[in-house]
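Descriptive analysis of the structure
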Amino acid sequence: MEHHGHHHAHPNKQAVLNRMARVIGHMEAVKRMVEDDRDCSEVLVQIAAVRAAVNSVGKIILQDHINHCIVHAVESGDQKMLDDLTSAIEQFVK
């Protein structure tokens, strides 16, 4: 993993970790649904809920990144970080 030339702490770190733990738990529940031969429609609805939760986590991380890392990158003229953000956004919105 590549690290930037500045401290990488974010105020929403614990909120992100908490949400990720809930997403993981939800995904485990969906796995159990499949193992238990639950109705496919129910499984699909739960997968959609997991996907929405993952997107929500991604939005929090992106907002933190813009508010902290990108502000620092603009102030320090770090073009690579700005290019990396563009690439990350392209992957995130696919």
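Residues numbered from 1 in each chain as written. Predicted model: local features only at pLDDT ≥ 70, side-chain atom pairs only at ≥ 80, totals over all residues. Heavy atoms only, no water.

The next point concerns the overall build of the chain. Looking only at helices and strands, one finds three helices and zero strands in the chain. The globule rule puts the C-alpha radius of gyration for 94 residues at 12 Å, and the 17 Å found for the chain is more than 25% above it. With respect to the principal axes defined by its C-alpha atoms, the chain has extents near 55 × 25 × 20 Å. A buried classification covers 19% of the 94 residues belonging to the chain. Sequence separation of 24 or more characterises 59% of the internal contacts of the chain that already satisfy a separation of 6 or more. For the chain, the accessible surface area stands at approximately 7000 Å², while carbon and sulfur atoms represent 58% of it. (Helix = DSSP H or I, 4+ residues; strand = E, 2+ residues; numbered from the N terminus. Rg over C-alpha atoms; globule rule 2.2 N^0.38 Å. Buried < 20%, exposed > 50% of the residue type's maximum accessible area, 1.4 Å probe, protein only. Contact = heavy atoms within 4.5 Å. Areas by Shrake-Rupley, 256 points an atom, 1.4 Å probe, with all protein chains shown as cover.)

A few words on the packing of helix 2 (residues 40-76) against helix 3 (residues 79-92). In the contact formed by helix 2 and helix 3, the axes pass within 11 Å of each other and the chain directions differ by 165°. Comparing the axis directions of helix 2 and helix 3 gives the class roughly antiparallel. In this structure, helix 2 crosses over helix 3, and the sense of that crossing is left-handed. Contacts from Asn55, Gly58, Lys59, Leu62, His65, Ile66, Cys69, Ile70, Ala73 and Val74 of helix 2 reach helix 3 at Met81, Leu82, Leu85, Ile89 and Phe92. Of the residues assigned to the contact of helix 2 with helix 3, the class counts are eleven nonpolar, three polar and one charged. (Axes fitted to C-alpha atoms, helices over the stretch in contact; angles between N-to-C directions. Parallel < 35°, antiparallel > 145°, perpendicular 65-115°, else oblique. Left-handed = near helix turned anticlockwise from the far one by under 90°. Nonpolar A, V, L, I, M, F, W, Y, C, P; charged D, E, K, R; others polar.)

The next point concerns the pattern of salt bridges. A full pass over the atoms with the stated rule returns two salt bridges. Arg38 is the partner of Glu42 in a salt bridge, and the nearest nitrogen-oxygen pair spans 2.6 Å. The partly exposed category is assigned to Glu42, whose relative accessible area is 35%. Between Asp84 and Lys80 there is a salt bridge, and its shortest N-O distance comes to 2.9 Å. (Salt bridge = Lys/Arg side-chain N within 4 Å of Asp/Glu carboxyl O.)

Turning our attention to a nonpolar patch on the surface. Judged by side-chain polarity, Leu17, Met20 and Ile24 come together as a nonpolar surface patch covering roughly 270 Å² of accessible area. By secondary structure assignment, the location of Leu17 is in helix 1 (residues 13-35). (Patch = residues over 30% accessible without salt bridge, like charges linked within 9 Å, V, L, I, M, F, W, Y side chains within 5 Å.)

Turning next to the environment of Met20. With respect to the helices and strands, the residue Met20 is situated in helix 1. Met20 sits in the partly exposed class, given a relative accessible area of 37%.

Okay, the confidence of the model for the chain next. It should be kept in mind that the predicted coordinates are not to be read in detail where pLDDT is low. Across the chain, pLDDT averages 88, with 90% of residues at or above 70. When mean pLDDT is compared element by element in the chain, helix 1 scores highest at 96, while helix 3 scores lowest at 88. (pLDDT = per-residue confidence, 0-100.)

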